[in-house]
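Survey of secondary and tertiary structure
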Amino acid sequence: MIYRLLFAVVTLVALVITVNAQDYHSYANPAAVRVRHVDLDWNVLFDQKTLKGSATLTVERISQTEPLILDTRDLKIDRVETSVDGMHYVAGTFKLGDNDKILGAPLTIPLPAKATRVRIFYSSSPGASGLQWLDPAQTAGKKDPFLFTQSEAIHARSWIPLQDSPGVRITYAAHVRTPPNLLAVMSAENLSGPARNGDYRFRMQQAIPSYLIALAVGDLQFKSLGPRTGVYAEPSTLALAARELSDTEKMVTATERVYGPYRWGRYDILVLPPSFPYGGMENPRLTFATPTMLAGDKSLVSLIAHELAHSWSGNLVTNATWRDFWLNEGFTTYLERRILEAVYGRPRAEMEATLGLRDLKEEIAGLDDRDEILHIDLKGRDPDDGSTDIPYEKGALFLRHLEETFGRARFDQFLKGYFNHFAFQSITTDQFVAYLKQNLLDKDPTLAAKVPVDEWINHPGLPASAPKPSSPAFARVEEQAHLWLGSKIRPEQIPSAKWTTQEWLHFLQTVQTVLGSPTAVPESSEAAAQSMSALDRAFHFTRSGNSEIAFQWLLMSIRNRYEPAYPRLEEFLLTIGRRKFIKPLYEELAKTPAGKARALSIYRRARPTYHPIAVASIDEVLKWSAGN
Ligand code: BES
Ligand code: ZN
């Protein structure tokens, strides 16, 4: 009887775990047929904006009867072959299902007895959501075209037919043919040596989730930064990029000291053209980065700390589904701040944490409760919708709460153990919680009682006991901002000569809070615009070459109707495609009829230069339709 009960409980638990681990953003059936490896072979056809070639999948057959089901989006499937021994291939059949707006279409391939290889001949479509094909005019050099991929979250399926779920890890090899004067790079080991001849081979022997497969092709050059670090960029950007990124090797070493060895061999950074829709993307061995991080003074390198941190949190230990995204981004944001602290000191890390907390609170004010939950339910939604500050900043605060409660030494040891224990696995939130309980909480119930784990993970908002980062430097900046806003001093009297980018950002945000509040000292919008004008005369924000400062200033310029900044706003939106910048700017413009008209006029010109992922976002903001 007892045994029966036990059996029932175990079965139930197993069921709950499988149901929870189910990835509703993939059609694939890895529990029956699991892809283990893929061999890729492509021609990169710039004139047709098409990748054309084949993907050969090696599968493990857990069920002997079920077909292989893959994810695709806008792929043209020419034919399919299967093989038992990997040498002799025979023609196979396939069925491409109906297209879903978010998920794409399932590709079902029946498998003959004992077949373990499936070769798919296919091509991508020119509008593939995971590819951006740039005309020469959109590059720094203006001479050659450029291609780059962005697979996270579920865009790999738009350029490779595979089981596009982060719960499925695969190794890969690739053979890529490009125009002979261009260089191809991938998130993998380069097997072709330095020769630039249009024929390149790669392999990734560590099993990774599909969203980390990446390719870029362009007029790229390489510069070494350290024994295992380096940077790729277009020739005219390379020197600037190498100077900006010169602390990269130090960052790798600092991270290893706390969290254990860097397990991916090299760590290189690819600086992309400005239409890259993200700040950075942690493709293994080769972080993809926006050129807008090149401020000239290393002030925006937290982005590199972040992408590097993913080499542990995300690439080594991966979210099993997009519901568990906070395991990637929350841990990474926490590690990012620890790396900054190790390399640049505690005050710098605390400034970044304070800026992060402010953004989080602002975002929480506008979010639905259901979207404030770390273990978010994304059923029926695009996983890219889950990329708010919640997984990043709330996730990082949760870990900081654990660190502050249990002490740094114990928490560091715990995290290092966690990365080792789950290395090269994809895990769910439940698996993390079970590990946390066993390896930290249960060892000290008195301390554990101080951390409301369930509230952190399953409730909206922030627990009352959430940590509060503090920055004395920021307190001084606030004081100066208030002195000026209260007309006690002129802008020129602010002792800002040594302020860092983070202090300037905090200054601007403090000013905006006062200008934007209903009881603001300058009551009318005209007065607000005058305040903006005084600041601009003293500090030249409209001309700032720092993308974060320029973004903050332009956002304020729209809010306070500071028209002299509008030409710069237009230029910014026409040359930069980073979603984090352009989406809030279009949103702010869209709040008034005149602003909306301005936004549409800019977007009409900018849209053809934006990445498909950015286009999808901005189309929604501006309710863009084909007639516009
Ligand atoms: N992995 C993310 C980028 C991402 C998230 C792409 C979700 C697609 C879907 C990357 O690590 C990231 O978080 N980038 C940030 C920069 C970072 C410094 C916060 C970005 O791009 O803004
Ligand atoms: Zn990240």
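Residues numbered from 1 in each chain as written. Chains lettered and ligands numbered in written order. Predicted model: local features only at pLDDT ≥ 70, side-chain atom pairs only at ≥ 80, totals over all residues. Heavy atoms only, no water.

Now for the site of ligand 1. Not every one of the 16 residues close to ligand 1 is listed here, only the nearest: E152, G279, E282, E307 and Y392. Contact between ligand 1 and H306: an oxygen atom at 3.1 Å from a side-chain N or O atom of the residue. For ligand 1, whose free accessible area comes to 520 Å², the fraction covered by protein is 88%. Counting residues per element, the shell around ligand 1 draws most heavily on helix α4 (residues 302-309), which supplies 3 residues. Looking at side-chain class alone, the shell around ligand 1 contains 5 nonpolar, 6 polar and 5 charged residues. (Near = heavy atom within 4 Å. Polar contact = N/O pair within 3.5 Å; in protein donor to acceptor, adjacent residues only side chain to side chain. Areas by Shrake-Rupley, 256 points an atom, 1.4 Å probe, with all protein chains shown as cover. Helix = DSSP H or I, 4+ residues; strand = E, 2+ residues; numbered from the N terminus. Nonpolar A, V, L, I, M, F, W, Y, C, P; charged D, E, K, R; others polar.)

Detailed reading of predicted coordinates is not advised where the pLDDT is low. In this model, the protein carries an average pLDDT of 95, and 96% of its residues clear a pLDDT of 70 or more. Confidence drops under a pLDDT of 50 for residues 10-20, and excluding neighbours within four residues, the segment shows 3 contacts in the predicted structure. (pLDDT = per-residue confidence, 0-100. Contact = heavy atoms within 4.5 Å.)

This part takes up the coordination of the zinc ion (ligand 2). Those protein atoms acting as donors to the zinc ion (ligand 2) are H306 (NE2), H310 (NE2), E329 (OE) and E329 (OE), and they sit at 1.9 to 2.7 Å. Coordination at the zinc ion (ligand 2) comes from 6 donor atoms whose angles at the metal span 54 to 159 degrees, giving a geometry best classed as irregular. Counting the intervening residues between successive donors of the zinc ion (ligand 2) yields the motif H-x3-H-x18-E. Of this pair, H310 sits in the loop between α4 and β21 (317-319) while E329 sits in helix α5 (residues 325-344), placing them 19 residues apart in sequence. Across the pair, E329 and H310 agree in class, each one buried. (Donors = N, O, S within 2.8 Å, 3.2 Å for Na, K, Ca; no water. Tetrahedral: all angles 85-135°; square planar, octahedral: opposite > 155°, others 65-115°. Buried < 20%, exposed > 50% of the residue type's maximum accessible area, 1.4 Å probe, protein only.)

Next up on the list: the pairing of strand β10 (residues 146-149). A two-sided burial pattern is seen for β10, the buried positions comprising F146 and F148 on one face and L147 and T149 on the other. The pairing of strand β9 (residues 131-134) with β10 spans 4 bridges and is antiparallel. Bridged to L134 within β10 is F146. Looking at chain direction, β10 and strand β15 (residues 215-218) are connected through 2 bridges and run antiparallel. Of the residues in β15, the one forming a bridge with F148 is A216. (Pairing = 2+ DSSP bridges.)

Bringing the sheet that holds strand β1 (residues 33-45) into the picture now. The pairing of strands in a sheet comes from backbone hydrogen bonds and takes either a parallel or an antiparallel form. The strand order across the open sheet built from 8 strands is β5-β4-β8-β2-β1-β11-β14-β13, with neighbouring strands paired in mixed fashion. The open sheet has two edge strands, β5 (89-92) and β13 (189-190), and neither has a second partner. With 2 bridges connecting them, β13 and strand β14 (residues 199-209) associate as antiparallel partners. Within β14, the residue paired with E189 across the bridge is R203.

All right, on to the nonpolar core then. Ranked by size, the top nonpolar core spans 140 residues in total, and within it F398 and Y418 carry the most contacts. At 8 residues, α5 tops the list of elements feeding residues into this core. Those residues in contact with Y418, other than ones at most four positions away along the chain, are V317, L327, F331, I427, F432 and Y435. Among the nonpolar cores identified, the runner-up in size contains 56 residues, and A528, L589, Y610 and I618 belong to it. (Core = buried A, V, L, I, M, F, W, Y, C linked by side-chain atoms within 4.5 Å.)

A word on unusual backbone geometry. Here the bond from E152 into A153 is cis, since omega is 0 degrees, no more than 30 degrees from zero. As for its placement among the helices and strands, A153 is situated in the loop between β10 and β11 (169-177). Non-glycine residue R561 carries a positive phi angle of around 50 degrees. If you trace the backbone, R561 turns up in the loop between α15 (547-559) and α16 (566-575).

Relative to strand β8 (residues 117-123), strand β2 (residues 50-61) runs antiparallel, the two sharing 7 bridges. Within β8, the position partnered with G53 by the bridge is Y122. Relative to β8, strand β4 (residues 76-83) runs antiparallel, the two being bridged by 7 bridges. The residue of β8 that forms the bridge with T82 is V118.

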